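Notes for the structure review
The chain contents come next:
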Amino acid sequence: MTVALLACGALAREVLDIREQHGWDADVVALPALLHMHPARLAPQIERRIKELRDHYERIIVVYGDCGSSGAIDEVLERHGVERVDGPHCYEMYGGDLFARLMAEEPGTYFLTDFLLRGFDGLVVKGMGLDRFPDLKGEYFANYKRLAYLVQKPDPALIEKAHEVSRYLGLPLEIYETGYGALEERLAALMGEGASTDRAGDADS
């Protein structure tokens, strides 16, 4: 069976790695991660790609959460009979129970992932206009109390970047090695197998 994994660009590298680890015969097709800056555009763009892919693949699995679409993505998927990986967003997919615990402890937690750190300057600083209007930083992040970096693959350069972001935002940093967490587990279940995943580790700051 030919399978397309229609993934958010923020998850594409990780989905490719998971595919290789499991040896799945599936193509990974990614949509731009910048769509997250405009959640209302997510469902229409996902639907467009489903229509383009359905004549070429027997099965399409969407690797997105709800991602702020207020249920619009699931409405599209139901209309087309397409499944997606369970979860509201990638932070919950990576963190699982850890994500829930961190949010219960401190709702004002700003989450970082490998992808977000690699593209922080473009996605956050430039994407939110902070390079042009630096005073907005205080307004945008006024309600955040800490940073939580969910590490997919330990990388000294990304750890250093996380500390740089911590200094930039003036927020304390906590680091957790989650691996691919529930993302891998749930995707493997959809692909018809179990998964062995790294569980969330202890914090390091």
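Residues take numbers from 1 onward in each chain, read along the sequence in its written order. With the structure being a predicted model, the display of local features is reserved for residues of pLDDT at least 70 and the display and counting of side-chain atom pairs for 80 or more, all residues being used for whole-chain, interface and lining totals. Neither water nor hydrogens contribute to the side-chain values; these are computed over all heavy atoms in the structure.

Some points on the layout of surface pockets
Each pocket or cavity is described by its volume, and for the largest pocket that value is around 760 Å³. Using a grid of 1 Å spacing that covers the protein atoms alone, one calls a set of points a cavity when a 1.4 Å probe fits there but cannot get out, and a pocket when the set is open and has protein on both sides within 12 Å along at least five of seven lines; lining residues are those with an atom within 4 Å of a point. Lining the largest pocket are 30 residues, with H36, C90, Y91, Y110 and L116 positioned closest to its centre. Helix and strand definitions follow DSSP, with helices as H or I runs of at least four residues and strands as E runs of at least two, each counted in order from the N terminus. Of all the secondary structure elements, the ones that give two or more residues to the lining of the largest pocket are α4 (90–95), α5 (97–105), β5 (109–112), α6 (114–118) and α7 (120–126). Ranked by residue count, the leading element in the lining of the largest pocket is β5, at three residues. All amino acids are sorted into three groups, where Ala, Val, Leu, Ile, Met, Phe, Trp, Tyr, Cys and Pro are nonpolar, Asp, Glu, Lys and Arg are charged, and the leftover types, Gly among them, are polar. Taken together, the residues of the lining of the largest pocket break down into 24 nonpolar, six polar and no charged. Grid points are joined across faces, edges and corners, and a volume is the space filled by probe spheres set on the points.

What about the pattern of salt bridges?
By definition here, a salt bridge exists when the distance from a side-chain nitrogen of Lys or Arg to a carboxyl oxygen of Asp or Glu is within 4 Å. Following the criterion strictly, the structure yields 16 salt bridges and no others. For the salt bridge of E83 with R59, the shortest nitrogen-to-oxygen distance reads 2.7 Å. A residue pair is termed long-range when its members are at least 10 positions apart, and E83 in strand β4 (residues 83–84) and R59 in strand β3 (residues 59–63) qualify at 24 residues. Note that D131 and R132 form a salt bridge whose closest N and O atoms lie 3.9 Å from each other. Among the residues examined, D131 registers a relative accessible area of 43% and is labelled partly exposed. Partly exposed describes any residue whose relative accessible area lies between the buried limit of under 20% and the exposed limit of over 50%, with all areas from a 1.4 Å probe on protein chains only and scaled to the type maximum.

Digging into the pairing of strand β1 (residues 3–8)
For β1, a buried count of six out of six residues is recorded, marking the element as mostly surrounded by other parts of the structure. Any two strands are treated as partners once DSSP identifies two or more bridges connecting them. Pairing of β1 with strand β2 (residues 26–31) involves six bridges; the strand directions are parallel. Within β2, the position partnered with A4 by the bridge is D27. Here the term right-handed applies to a crossover when the path leading from its first strand over the helix to its second strand runs clockwise, the strands being oriented away from the viewer. Taken together, β1, helix α1 (residues 12–22) and β2 constitute a β-α-β crossover, and its handedness is right-handed. In terms of strand pairing, β1 meets β3 through five bridges, oriented parallel. By the bridge assignment for β3, V3 is matched with R59.

Remarks on the environment of P172
Its place among the elements puts P172 in the loop between α9 (156–169) and β7 (173–177). Each C-alpha atom of the pair P172 and R146 lies 5.0 Å from the other, and the pair is 26 residues apart in sequence. Any pair of residues with heavy atoms lying within 4.5 Å of one another is described as a contacting pair. Leaving out residues up to four positions away in the same chain, P172 has contacts with K145, R146, L147 and S166.

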